[in-house]
Number of protein chains: 2
Amino acid sequence: MTGHSTTGHYHHGDLRNALLQAAGKLLREQGIVGFSLRDVARAAGVSHAAPYRHFRDKAALLRALSGLGFEHLHAALTEAAASRRGPEQILIEVTRVYVHTVMQNPGMTRLMFGTVISAEGDAGNAPAASSILEVFLGIIKAGFAVGAFRDRDPRELALVAWSTMHGLAMLAVGEVVDAKYKDMKELDALARTVAENVIYGISRS
Amino acid sequence: MTGHSTTGHYHHGDLRNALLQAAGKLLREQGIVGFSLRDVARAAGVSHAAPYRHFRDKAALLRALSGLGFEHLHAALTEAAASRRGPEQILIEVTRVYVHTVMQNPGMTRLMFGTVISAEGDAGNAPAASSILEVFLGIIKAGFAVGAFRDRDPRELALVAWSTMHGLAMLAVGEVVDAKYKDMKELDALARTVAENVIYGISRS
DNA sequence: ACCTGAACACCGTTCAAGT
DNA sequence: ACCTGAACACCGTTCAAGT
């Protein structure tokens, strides 16, 4: 995205971004368990002390990375919410996308929702999370507009919808759900079942 | 439970258990982030190499600890499932207990469901998880017996119920849900709402 | 059989010093 | 302004050696 590159002598113009990119790759490929800042620096081709010019500490780097993950999830959900007709169809599609996105990058998922990072001065993931809740709120309100849903506090219904698909996604990514569900076909069917149940639950009788 | 203790010269008869207990305390008090095996050994009053006589490595200790956590959750849910009348009341109570148990020990929760540990030869948490699923299966089947629930695969309904309360619990423990929900009163109300929605969803129309 | 102490390869973080 | 290299206090793990 930066564009200009005439000098041939390498070395980063934007080390901060290079570090985040390297970190994302390591997180995806190796997971969060052995994730080390020194590895990130190595992958970016700088000394192990260099990242400290751009992030206060390892937690700050992870927080920034987590923020990128939330943005990605938010974008995927927003797109899924925009592309269909009725609120019921939307809920089914959003559930499927939620589970898929979460399963595609388990390390990122654990980073985002595992609270490996905590607030500590920074706002933590609260704002990112509330932007995700907005997506569900939008779906619920659209459902109200066409008289589809039970007359309840929309924030409650939004949280019900989110909880349900989040729970399925977490059980899947945590491998606590039976091995057979790791098959994506099965997971898709399960996502549909779960979404339908939410719909049954929140629809007017 | 062991009973005899006449010799006054200390040093553990059962270091394995002492280590697990110390680890549990550290996990509860400090969380999983800075959790170190050397700290556990120190807390138990032995050298840092001593744990290796009882656990193959740090992951094995954590796996055993996680197993204890699953046992605790299983026992709490089983008790909640046994004490009430109709399946609807049971689901509400079980949801409340699930969320409470999870919130009472966030470090343990992250250990159990964060897949910090993976299988690696050992069976991982799959058996523990399936014993939890059994509890939900029992509730669903009891509901079938009195004609309360929709005619679906009981395993699906059980997973729907589990997913929903698990999702709420994870959002709560991950602090992604608004700060005001950290108040237990609010969380209790939320648990009830979520449980009611599951009931609406799985009940015969 | 169970535990210790030294040893090794790693980490996160800091800081003087270089360009 | 940005990066490096040495340094420090920690970790997980191994292994000879002690009782």
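Source: prediction; values computed, not measured.

A word on the pattern of salt bridges. All names here are of chain B. Applying the stated criterion across every chain, the model contains twelve salt bridges over all chains. The closest approach of N and O atoms between R152 and E156, which form a salt bridge, is 3.5 Å. Taking the relative accessible area as the measure of exposure, E156 reaches 22% and is therefore partly exposed. Taking the shortest distance from any N to any O, the salt bridge between R192 and E196 comes out at 3.3 Å. You can see R192 and its partner E196 sitting in helix α8 (residues 184–202), four residues apart, about one turn around the helix.

Attention shifts here to the protein's contact with DNA strand D. In the vicinity of DNA strand D lie 19 residues, with S47 and H54 of chain A together with L37, R38 and Y52 of chain B positioned nearest. Sugar and phosphate atoms form 51% of the subset of DNA strand D atoms that lie within 4 Å of the protein. At 2.9 Å, a side-chain N or O of Y52 of chain B approaches a phosphate oxygen of DNA strand D. Taken together, the residues of the surface near DNA strand D sort by class into eight nonpolar, five polar and six charged.

With that settled, consider empty space enclosed by the protein. Scanning all chains against the criterion turns up six cavities of 30 Å³ or more. By volume, the largest cavity is sized at about 150 Å³. For the largest cavity, the full set of lining residues is T109, R110, F113, G114, M170 and V173 of chain A together with T109, R110, F113, G114, M170 and V173 of chain B. When residues of the lining of the largest cavity are traced back to their parent elements, those giving at least two are α5 (106–113) and α7 (154–173) of chain A together with α5 (106–113) and α7 (154–173) of chain B.

Bringing the confidence of the model for chain A into the picture now. All names here are of chain A. Looking at chain A, pLDDT values average 86 and 85% of them are 70 or higher. Element-level mean pLDDT values for chain A span from 91 in helix α8 (residues 184–202) up to 98 in helix α2 (residues 37–44). Contacts of residues 1–10 to residues separated by more than four positions or lying in other chains number zero contacts, the stretch itself having pLDDT below 50.

Next up on the list: the relation of the copies chain B and chain A. For the pair chain B and chain A, the best superposition has an RMSD of 0.0 Å and corresponds to a rotation of 180° with a translation of 0.0 Å parallel to the axis. Seen this way, the second copy is the image of the first under a two-fold rotation axis. Both copies contact each other with a shared surface, as 100% of the interface residues of chain B are interface residues in chain A too.

Take the domain arrangement of chain A next. All names here are of chain A. Each assigned domain of chain A is listed with its residue range as follows: domain 1 (15–53) and domain 2 (58–202). A separation of 27 Å is found between the C-alpha centroids of domain 1 and domain 2. Taken together, the eleven residues of domain 1 in the interface contact ten residues of domain 2. Overall, the association of domain 1 and domain 2 removes approximately 1,000 Å² of surface from exposure, summing both partners, and the carbon and sulfur fraction of that is 79%. If you sort the residues of domain 1 by the area they bury against domain 2, L20, L27 and I32 come out on top, with a joint share of 49%. Here domain 1 and domain 2 share zero salt bridges between them. The interface formed by domain 1 and domain 2 includes one residue pair in polar contact (both at pLDDT 80 or more). Taken together, the elements giving at least two residues each to the side of domain 1 that touches domain 2 come down to α1 (15–30) and α2. Per element, the largest residue contribution to the side of domain 1 that touches domain 2 is six residues, and it comes from α1. Of the residues contributing to the side of domain 1 that touches domain 2, the split by class is seven nonpolar, two polar and two charged.

Attention shifts here to the nonpolar core. Proteins that are soluble and globular tend to have nonpolar side chains buried together. Within the largest apolar cluster, 139 residues are counted, with the highest numbers of intra-cluster contacts made by Y98, F136 and W162 of chain A together with Y98 and F136 of chain B. If we skip the residues at most four places from it in the chain, F136 of chain A touches L77, V94, Y98, A158, A161, W162 and M165 of chain A.

It is worth spelling out the protein's contact with DNA strand C at this point. Contacts to DNA strand C come from 19 residues, most closely from L37, R38 and Y52 of chain A together with S47 and H54 of chain B. Close to the protein, within 4 Å, the atoms of DNA strand C belong to sugar or phosphate groups at a rate of 51%. In this structure, R53 of chain B approaches DNA strand C through a side-chain N or O atom, which is 3.2 Å from a base nitrogen. Note that a phosphate oxygen of DNA strand C is positioned 2.7 Å from one of the side-chain N or O atoms of H54 of chain B.

This next bit is on the packing of α7 of chain B against α8 of chain B. Residues and elements named next belong to chain B. It is at 10 Å that the axes of α7 and α8 come closest, and there the two elements cross at 160°. One way to sum up the angle between α7 and α8 is to call them roughly antiparallel. Seen from above, α7 lies across α8 with right-handed handedness. Of the residues in α8, those touching α7 at L157, A161, T164, L168 and A172 are L187, L190, A191, V194, V198 and I202. Split into classes, the residues belonging to the contact of α7 with α8 amount to ten nonpolar, one polar and no charged.

On the side of chain A, 38 residues touch chain B, which itself brings 37 residues to the contact. Counting the contacts that link chain B with chain A gives two residue pairs in polar contact (both at pLDDT 80 or more). The set of elements that each furnish at least two residues to the side of chain B that touches chain A consists of α5, α7 and α8 of chain B. It is α7 of chain B that provides the largest number of residues to the side of chain B that touches chain A, a total of 13 residues. Classifying every residue of the side of chain B that touches chain A by side-chain character gives 19 nonpolar, ten polar and eight charged.

Before going further, it helps to examine the packing of aromatic side chains. The geometry of an aromatic ring pair is captured by two quantities: the separation of the ring centres and the angle between the planes. Under the defined criterion, the tally for this structure stands at four aromatic pairs over all chains. For R150 of chain A, the ring lying beneath its charged end belongs to Y200 of chain B, and the centroid distance is 3.8 Å.

Reading guide: rules and limits
Residues numbered from 1 in each chain as written. Chains lettered and ligands numbered in written order. Predicted model: local features only at pLDDT ≥ 70, side-chain atom pairs only at ≥ 80, totals over all residues. Heavy atoms only, no water. Salt bridge = Lys/Arg side-chain N within 4 Å of Asp/Glu carboxyl O. Buried < 20%, exposed > 50% of the residue type's maximum accessible area, 1.4 Å probe, protein only. Helix = DSSP H or I, 4+ residues; strand = E, 2+ residues; numbered from the N terminus. Near = heavy atom within 4 Å. Polar contact = N/O pair within 3.5 Å; in protein donor to acceptor, adjacent residues only side chain to side chain. Nonpolar A, V, L, I, M, F, W, Y, C, P; charged D, E, K, R; others polar. 1 Å grid on protein atoms, 1.4 Å probe; cavity = no way out; pocket = protein on both sides within 12 Å on 5 of 7 lines; lining within 4 Å. Points joined across faces, edges and corners; volume = space filled by probe spheres on them. pLDDT = per-residue confidence, 0-100. Contact = heavy atoms within 4.5 Å. Least-squares fit on C-alpha atoms with pLDDT ≥ 70 in both. Domains from an automatic or database assignment. Buried area = accessible area lost by both parts, 1.4 Å probe. Core = buried A, V, L, I, M, F, W, Y, C linked by side-chain atoms within 4.5 Å. Axes fitted to C-alpha atoms, helices over the stretch in contact; angles between N-to-C directions. Parallel < 35°, antiparallel > 145°, perpendicular 65-115°, else oblique. Left-handed = near helix turned anticlockwise from the far one by under 90°. Phe/Tyr/Trp six-rings, centres within 6.5 Å; stacked < 30°, edge-to-face > 60°. Lys NZ or Arg CZ within 6 Å of the ring centre and 35° of its normal.

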